[in-house]
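So you can see what is in the structure, the chains are spelled out below.
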Amino acid sequence: MINLLLLANRSDFNAELGGLAEYLSESGQICAEISNVTERLRDLSGWQVLMLAGLDKALTPEQEAGLQAFVRGGGGLITLGEIGERWQANSALSQLTGAGAGQRTPITEIIARLAPGDLPLTRRLEPSFSIVDSFYRLESLPEDATSVLQTGWHFATYPLAYTRPFGRGRVFYSSLGASPSALRQPDFRHLLYRAVNYAAGIEEKQAIKVAMIGYGAIGFEHGEAISHVPGLEYYAVCDRNPARLQEAQKAFPGIQIFTDLNDIAANPEINLVIVSTPPNTHAAVALQMLEAGKHVVVEKPFCMTMAEADQMIETAKKNKLALTVYQNRRWDADFLAIRSAIEAGTIGEVFHLETFIGGFSHPCDYWHSDEAISGGVFYDWGSHYLDWVFNLMPGKVSQVRASSHKRVWHDVTNSDMARVQIRFEDGQEAEFIHSDIAAALKPKWYILGTQGAIVGHWRNESVKTRRWSGDLIEENLAPSEALPDVYLHRRAAEGQINEEKLALPRPPAFAFHRNLADHLLSGEKLAVLPVSSRRNIAVMEAAKYSAAHDSALVQLDV
């Protein structure tokens, strides 16, 4: 645990520093305290890292001496905003940061870019981000400094952040952070988390060796991500099908192949496994690997029952191992746009949400269509859609009611159509429908708020190519293979309804796997906590029971 003291005495920084301290503490690796008493600089014993931001008074000689002694003796210092250049004439801060002559810019949008080079401090961070702030245009970088973040200004490149040693301690200087609102920028916050670890002298651990258990349709996707994320190493694939093992080796030369789970469990080189076997085996395989001391990623659905989920979570906790679920669609562009609009209060308080997936086509003949193996349609697309619902409506679920139909596709055991209705403790309601007998599609998203609505319409898209003869070949895509058009509807003061098409953001590359590596190597908070996936399973299990018992109302408390 890193003990961090955030020191500021400007009142306009109070709220933002509170939010930053909460963010830094979420991982459980940092214990952050905020103070406005600069006199504490005289004695910093008990603290590992000091972060200075928003100071409006020069330090006394005694405070300067205490600060220098702290860093020289092995403490970590982080300075934000104007701190580094504020008292250059005679301040200890000038010696600590090494910030020389320069000039501060006005507040404007700044494009911050990671400095070139493979720096452990910036591995897996976004290569660039925009931030509204000002920065100090240093005329030169200190000789012993390593640039971390930089930007362009008037056709020249300037450092925004750098690191340097001081005695036995470490200093992280950032001229960003002069504007309190800049401390809310997610990418800057992420960098500051890394800065705290750096200042505390914590080095990134060795690369995590990953084994894939079950190399199905998703195996290549995981392999590509692992190969592109620093700190993860694609080490092995385990599958009973020789053809799949050959396919994996062809795509990722150098990986080891296994046919027996016990060999994976017994291999001390393997740190992390991805369980991509059929859903009805997820719990058993994950539990075996957790007991063998491996971190575990489980493909969705997490498992089949809440009892299994509880056992997996308890086993991971007992063995102090990471357990998460590959909820990769949390980074879909339409969901990101909708979540951003809702969090900004654009449509007020959300009270009603409907989601839909489907069409009128024959289900596949793979295990996805076998309810005994897959869990049925509630567990298939429902794993994604319910995860979306609970991220947009995080309140406690109190009731679940569901129904299903078996009318057309009798060669598979899944229902042709299923609907689950969810009621929350505070009165919000949500509905999810998956139908393979829907000749007309409902919108993907239909969300009502107290000040407006969001609707996501499916798009009719096709892939067009030519035959050797030049004739057109047109292949229609399934609705799920194209992003929807998302519209925001808001009521104006005069009563009319204005419609605006939402621009969809560019999703971050390999976001799940980058976060996974950040957690295992740097102690950062997991994006997908197993308790959130447990909630999905609780609702799926309740929906399956309700549908099998004439739409019985199931009471929940999750």
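Everything here concerns the structure above.
Source: prediction; values computed, not measured. (Residues numbered from 1 in each chain as written. Predicted model: local features only at pLDDT ≥ 70, side-chain atom pairs only at ≥ 80, totals over all residues. Heavy atoms only, no water.)

Observations regarding the sheet that holds strand β28 (residues 554-555)
Here comes step 1: Taken together, the nine strands give an open sheet; going across it, the order is β27-β26-β23-β22-β18-β21-β20-β19-β28, and neighbouring strands pair in mixed fashion. At either end of the open sheet lies a strand with only one pairing partner, and these are β27 (497-501) and β28.
Here comes step 2: Bridge count between strand β26 (residues 485-491) and β27: five bridges; the pairing is antiparallel. Within the sheet, the bridge partner assigned to arginine 491 lies in β27 and is isoleucine 497.
Here comes step 3: Across the sheet, helix α10 (residues 333-343) is in contact with β18 (350-358), β22 (445-449), β23 (452-457) and β26; its angle to β22 comes to roughly 5 degrees.
Here comes step 4: In the packing of helix α14 (residues 530-548) onto the sheet, the strands contacted are β19 (397-405), β20 (417-424) and β28, and the crossing angle to β19 comes to about 50 degrees. (Pairing = 2+ DSSP bridges. Helix = DSSP H or I, 4+ residues; strand = E, 2+ residues; numbered from the N terminus. Contact = heavy atoms within 4.5 Å. Axes fitted to C-alpha atoms, helices over the stretch in contact; angles between N-to-C directions.)

Observations concerning empty space enclosed by the protein
Here comes step 1: A full pass over the atoms with the stated rule returns two cavities of 30 Å³ or more.
Here comes step 2: Considered as a void within the structure, the largest cavity measures approximately 70 Å³ in volume.
Here comes step 3: Lining the largest cavity we find eleven residues, and of these Arg10, Gly54, Leu55, Glu82 and Ile83 sit closest to its centre.
Here comes step 4: Residues that form the lining of the largest cavity fall into these classes: five nonpolar, three polar and three charged.
Here comes step 5: Considered as a void within the structure, the second largest cavity measures approximately 40 Å³ in volume.
Here comes step 6: Looking at the lining of the second largest cavity residue by residue, the class counts come to three nonpolar, one polar and two charged. (1 Å grid on protein atoms, 1.4 Å probe; cavity = no way out; pocket = protein on both sides within 12 Å on 5 of 7 lines; lining within 4 Å. Points joined across faces, edges and corners; volume = space filled by probe spheres on them. Nonpolar A, V, L, I, M, F, W, Y, C, P; charged D, E, K, R; others polar.)

Focus: the nonpolar core
Here comes step 1: Residues Ile264, Phe302, Val420 and Ile447 are the most contacted members of the largest nonpolar core, which totals 102 residues.
Here comes step 2: In this structure, Leu24, Ile30, Leu176 and Ala195 belong to the second largest nonpolar core, which totals 41 residues. (Core = buried A, V, L, I, M, F, W, Y, C linked by side-chain atoms within 4.5 Å. Buried < 20%, exposed > 50% of the residue type's maximum accessible area, 1.4 Å probe, protein only.)

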